[in-house]
Amino acid sequence: MGLATFEATANIAVAKYWGKRDEKLILPKEGSLSFTMDDQLKTRTSVLFSPALKEDEFWLNGKKMDMADKDTAERLQQIEIIRQKAGIKDKAKIVSLNCFPTAAGFASSAAGLAALACAASKAAGLDLSTEELSILARLGSGSACRSVLGGFVEWKKGIKPDGSDSYAEQIAPASRWPELRNVIAIGDSGKKKVSSRAGMKQTVATSALYPARLAYMPKLITDMKAAVAAKDFAKFGELTMRESSNMHAVMLDTWPPIMYLNDVSKRIIYAVHDYNAAAGGIVAAYTFDAGPNAHVYTTEERVPALRKMLSEIEGVEKTMVCKVGEGPKQLKEGHLLSPDGTVLKHRFDEASGKIIIE
Ligand code: PMV
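Note that the structure is predicted; figures quoted are calculated from it, not measured. (Residues numbered from 1 in each chain as written. Predicted model: local features only at pLDDT ≥ 70, side-chain atom pairs only at ≥ 80, totals over all residues. Heavy atoms only, no water.)

(A) Representation of the overall build of the protein within the structure. If you tally the helices and strands in the protein, you get 9 helices and 18 strands. In terms of C-alpha radius of gyration, the protein reaches 20 Å, essentially the compact-globule figure of 21 Å for 358 residues. Put simply, the protein has 358 residues, and 54% of those count as buried. Residue pairs at least 24 apart in sequence account for 75% of intrachain contacts in the protein once pairs closer than 6 positions are excluded. Put simply, the protein shows about 15500 Å² of open surface, and 54% of that area lies on carbon and sulfur atoms. Side-chain charges in the protein split into 48 positive and 43 negative, and the spacing between the mean points of these groups amounts to 1 Å. (Helix = DSSP H or I, 4+ residues; strand = E, 2+ residues; numbered from the N terminus. Rg over C-alpha atoms; globule rule 2.2 N^0.38 Å. Buried < 20%, exposed > 50% of the residue type's maximum accessible area, 1.4 Å probe, protein only. Contact = heavy atoms within 4.5 Å. Areas by Shrake-Rupley, 256 points an atom, 1.4 Å probe, with all protein chains shown as cover. Lys, Arg positive; Asp, Glu negative; His and termini not counted. Charge placed at Lys NZ, Arg CZ, Asp CG, Glu CD.)

(B) Region of interest: the sheet that holds strand E12 (residues 180-186). Strands sit in the order E13-E14-E12-E15 across an open sheet of 4 strands; the sheet is antiparallel. Here the strands that pair on one side only, and so sit at the sheet edges, are strand E13 (284-287) and strand E15 (318-323). When strand polarity is set aside, the average angle formed by the axes of neighbouring strands in this sheet is 25 degrees. Against the sheet, helix H7 (residues 233-252) makes contact with E12, E13 and strand E14 (294-299), and its axis sits at roughly 25 degrees relative to E13, the strand it touches most. On the sheet, helix H8 (residues 263-279) packs against E12, E13 and E14 and is oriented at approximately 165 degrees with respect to E13. (Pairing = 2+ DSSP bridges. Axes fitted to C-alpha atoms, helices over the stretch in contact; angles between N-to-C directions.)

(C) Fine view of the side chain of Ser-147. Structurally, Ser-147 can be placed in the loop between helix H4 (130-138) and strand E10 (152-155). At 2.9 Å, the side chain of Ser-147 forms a polar contact with the side chain of Asn-11. Beyond its immediate chain neighbours, meaning those up to four positions away, Ser-147 contacts Ala-8, Thr-9, Ala-10, Asn-11, Thr-36, Ala-110, Ala-111, Ala-114 and Pro-328. (Polar contact = N/O pair within 3.5 Å; in protein donor to acceptor, adjacent residues only side chain to side chain.)

(D) Looking closely at H7. For H7, spanning 20 residues, the distance from its first C-alpha to its last is 28 Å, which sits close to the expected 28 Å at 1.5 Å a residue. Those residues of H7 not exposed but buried are Phe-233, Phe-236, Gly-237, Leu-239, Thr-240, Met-241, Glu-243, Ser-244, Met-247, His-248, Val-250 and Met-251. (Expected span 1.5 Å × (residues − 1).)

(E) Just the site of the ligand, in detail. The local shell around the ligand holds 14 residues, among which Tyr-17, Ser-141, Ser-143, Arg-146 and Ser-196 are the closest. Ser-141 places a side-chain nitrogen or oxygen 3.0 Å from an oxygen atom of the ligand. Residue Gly-142 places a main-chain N or O atom 3.3 Å away from an oxygen atom belonging to the ligand. Considered on its own, the ligand offers 380 Å² of accessible surface; in the complex 93% of this is hidden by protein. Here the residues of the shell around the ligand sort into 6 nonpolar, 5 polar and 3 charged. (Near = heavy atom within 4 Å. Nonpolar A, V, L, I, M, F, W, Y, C, P; charged D, E, K, R; others polar.)

(F) Structural view of the nonpolar core. Judged by nonpolar contacts, the single largest core of 53 residues is most densely connected at Phe-35, Phe-236, Ile-268, Val-272, Tyr-297 and Leu-310. Setting aside its immediate chain neighbours within four residues, Leu-310 contacts Val-183, Ala-185, Ile-268, Val-272, Val-296, Val-316 and Thr-319. Core analysis: the next-biggest nonpolar cluster, separate from the first, contains 46 residues, Ala-4, Phe-6, Ala-120 and Met-200 among them. (Core = buried A, V, L, I, M, F, W, Y, C linked by side-chain atoms within 4.5 Å.)

(G) Spatial organisation of the pairing of strand E5 (residues 32-36). For E5, a buried count of 5 out of 5 residues is recorded, marking the element as mostly surrounded by other parts of the structure. Burial of E5 is two-sided: the residues Ser-32, Ser-34 and Thr-36 facing one way and the residues Leu-33 and Phe-35 facing the other way are all buried. Alignment of strand E2 (residues 11-15) against E5, held across 4 bridges, turns out to be antiparallel. Paired with Ala-15 across the bridge in E5 is Leu-33. In this structure, E5 lies alongside E10, joined through 4 bridges in antiparallel fashion. Residue pairing across strands places Ser-34 opposite Val-153, the latter belonging to E10.

(H) Representation of the sheet that holds strand E11 (residues 168-172) within the structure. Reading across the sheet, the 4 strands line up as E2-E5-E10-E11 and stay open at both edges, with antiparallel pairing between neighbours. Both edges of this open sheet fall to E2 and E11, since each of them pairs with a single strand only. This sheet shows a mean twist of 35 degrees between the axes of neighbouring strands, independent of strand direction.

Structural data, given as structure tokens:
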């Protein structure tokens with residue numbers, strides 16, 4: 001019991017989660033599949049449970065957050081469950097630092113809430129299974145339930161009303177497809193206009209196309225798993241791109257419409273199709289989440305040419321290349337707070353990619 005620190009990384013879905021059947025428990029309408037990224041897209045989180053603390057406290061990127069804020073309270077609902085599981089009443093101090101390039105504009109919730117599930121349960125003296133950790137992370141943000149595992153991950157939608165069968169499982173470790181890369185093309189760092197939480201709720205409520213999406217998802221997931229098991233990039237790539245477009249189609253069909261793709265995203269879509277045509281087959285595949293930045297999956301030998309091609313597109317400001325990652329890890333040093341509850345001065349140094357703790 002006491003202090004624990006974990007790092008977890010973002011995941012980028014290829015069969016995407018967009019729509020809940022239970023808003024409070026964050027249970028999805030359908031399953032989803034993702035690759036967990038390497039530690040270029042990580043969050044470090046330290047958690048302390050202590051009888052000396054008077055109230056729960058949450059520090060994000062060096063700022064003390066308002067615990068009365070509804071969104072913050074919802075995201076941290078796992079803390080109370082961890083206290084119950086551990087049979088403790090101690091208050092928690094949570095210090096979390098996102099180590100993403102600031103220009104990247106990533107929704108950092110998946111890495112952050114996966115790191116929180118791991119660090120908070122360990123700090124409370126619990127030794128949970130990945131299933132249990134996945135369920136805790138899910139309560140903060142759906143996609144976070146996939147970041148408690150490395151490699152290629154499936155979130156099973158489950159059917160039970162209490163959500164006890166809705167968690168992520170590893171389908172294949174990172175070593176299964178070591179050549180796979182995600183070339184990220186970043187063109188816009190602005191805050192998104194509609195949060196994924198609000199956006200997907202609106203889609204479920206209003207989109208006439210959404211039932212068609214739900215009908216297509218089970219076969220997509222089966223086909224996608226087969227393509228990854230066979231390392232069949234052409235198949236995987238086609239499914240990935242069509243799935244991204246399918247999700248963005250139901251977003252556009254939402255009322256009022258939701259549009260996360262911008263002109264830069266659209267130029268990237270056309271450019272990737274031209275690139276594949278020139279290569280004589282599908283060797284690169286884009287996918288877009290609830291934002292305009294492109295994640296272009298490809299294989300290692302294609303990275304230099306693809307990266308050059310993407311960086312020359314008008315409006316692309318930065319590119320970065322991620323491998324598939326191994327999942328969360330516990331740190332024995334580099335805590336963001338000390339055992340007496342003092343928050344240590346810390347920051348992410350983008351140039352070196354390191355966390356500086358003073
Ligand atoms: O879990 P949230 O609220 O961050 O929603 C994530 C939704 C997508 O990123 C668009 C798709 C996905 O499966 O990650």
